[in-house]
Amino acid sequence: MYKGLIEDTFHDSEGAEKTTFPATDKNLLILIEKFLGFEIPPKVFLQAIAIADYDCAAAFRYVENYLIILKNKNKPKHKKLLVFGYSTRFENN
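None of these values were measured; they are calculated from a predicted model.

Asker: Outline the packing of aromatic side chains, listing residues and values.
Answerer: Across all of its chains, the model carries one aromatic pair by this definition. The interplanar angle of 65° and the centroid separation of 6.1 Å between the aromatic rings of F35 and F45 together place this pair among those described as edge-to-face. Taken as a pair, F35 in the loop between α2 (25–34) and α3 (42–52) and F45 in helix α3 lie far apart in primary sequence, 10 residues in all. Judged by its relative accessible area of 28%, F45 falls in the partly exposed class.

Asker: Got a sec to walk through the nonpolar core? Specific residues and values, please.
Answerer: Judged by nonpolar contacts, the single largest core of 13 residues is most densely connected at L31, F35, A48, A59, V63 and L67. Those elements that place two or more of their residues in this core are α3 and α4 (56–74). The biggest single contributor to this core is α4, with seven residues. Dropping the residues within four chain positions of it, A59 is found in contact with L31, A48, I51 and A52.

Asker: Hey, could you go over the environment of Y54 for me, with residue numbers and the actual values?
Answerer: Looking at where Y54 falls in the secondary structure, it is placed in the loop between α3 and α4. Overall, Y54 belongs to the exposed group, its relative accessible area being 53%. Taking the C-alpha atoms as reference points, Y54 and P22, separated by 32 residues in sequence, lie 4.4 Å from one another. Once residues lying within four places of it in the same chain are set aside, the contact partners of Y54 are T20, F21 and P22.

Each value, and the rule that gives it
Residues numbered from 1 in each chain as written. Predicted model: local features only at pLDDT ≥ 70, side-chain atom pairs only at ≥ 80, totals over all residues. Heavy atoms only, no water. Phe/Tyr/Trp six-rings, centres within 6.5 Å; stacked < 30°, edge-to-face > 60°. Helix = DSSP H or I, 4+ residues; strand = E, 2+ residues; numbered from the N terminus. Buried < 20%, exposed > 50% of the residue type's maximum accessible area, 1.4 Å probe, protein only. Core = buried A, V, L, I, M, F, W, Y, C linked by side-chain atoms within 4.5 Å. Contact = heavy atoms within 4.5 Å.

Okay, structure coming up:
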């Protein structure tokens, strides 16, 4: 009876940690291709490769988050323009 309770406690699927896998060569190529067309600091690139060395999924999330931030940063912002009109009330006397 106790053995069943102990097994249920240790095999809880909600509390189980997710297994991480390092990136394969193919995964690294895909990761590098995501950076194409963007100017990125070498530090960001090396950080993505370092993360991929132990957790491929986390590396892809890191790259996606960085690119989203970069795209939002480079969006042209709508500047508010002031429009001045003239008033006939202040004509030269």
